[in-house]
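Structural characterization, general
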Amino acid sequence: MAVMVTLEFSVFLERAEEFKILLSELLPDTRSYEGCLKVEVYQGHANPGIIYLVEDWKSKGLQQKYQ
């Protein structure tokens, strides 16, 4: 059964863009991992220091194997 995982990161506002660049460098490996369907990055509108990752996986087992 597919599973969605949501991660929330709180970063200093002045470092938010740097953090998003880091994620753009790291996430291709995650996206290519067995069972990963997609990973999307969102930034809070009211608080741009909050960065969200929303991941879709084929199964909980494959996500846990990645983790």
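We now turn to the structure provided with this report.

Calculation rules
- Residues numbered from 1 in each chain as written.
- Predicted model: local features only at pLDDT ≥ 70, side-chain atom pairs only at ≥ 80, totals over all residues.
- Heavy atoms only, no water.
- Helix = DSSP H or I, 4+ residues; strand = E, 2+ residues; numbered from the N terminus.
- Contact = heavy atoms within 4.5 Å.
- Areas by Shrake-Rupley, 256 points an atom, 1.4 Å probe, with all protein chains shown as cover.
- Lys, Arg positive; Asp, Glu negative; His and termini not counted.
- Charge placed at Lys NZ, Arg CZ, Asp CG, Glu CD.
- Pairing = 2+ DSSP bridges.
- Axes fitted to C-alpha atoms, helices over the stretch in contact; angles between N-to-C directions.

**Considerations on the overall build of the protein**
- When you go through the protein residue by residue, the secondary structure sums to two helices and three strands.
- Reading the protein from its N end, one meets helices and strands in the order β-α-β-β-α.
- Taken along the three principal axes of its C-alpha coordinates, the protein extends 35 × 20 × 15 Å.
- Across the protein, the fraction of contacts at a sequence separation of at least 24, relative to all contacts at a separation of at least 6, is 57%.
- Entry remark: accessible area of the protein is about 4800 Å², with carbon and sulfur atoms responsible for 56%.
- When the 7 positive and 10 negative side-chain charges of the protein are each reduced to one mean point, those points stand 7 Å apart.

**Brief notes about the sheet that holds strand β2 (residues 36-43)**
- Here three strands make up an open sheet; going across it, the order is β1-β3-β2 and the pairing antiparallel. A strand with exactly one partner marks an edge of an open sheet, and here the two such strands are β1 (3-10) and β2. Taken pair by pair, the neighbouring strands of this sheet meet at an average axis angle of 15 degrees, ignoring direction.
- Where β2 and strand β3 (residues 50-57) come together, seven bridges link them in antiparallel fashion. Bridge pairing links Glu40 to Val54 in β3.

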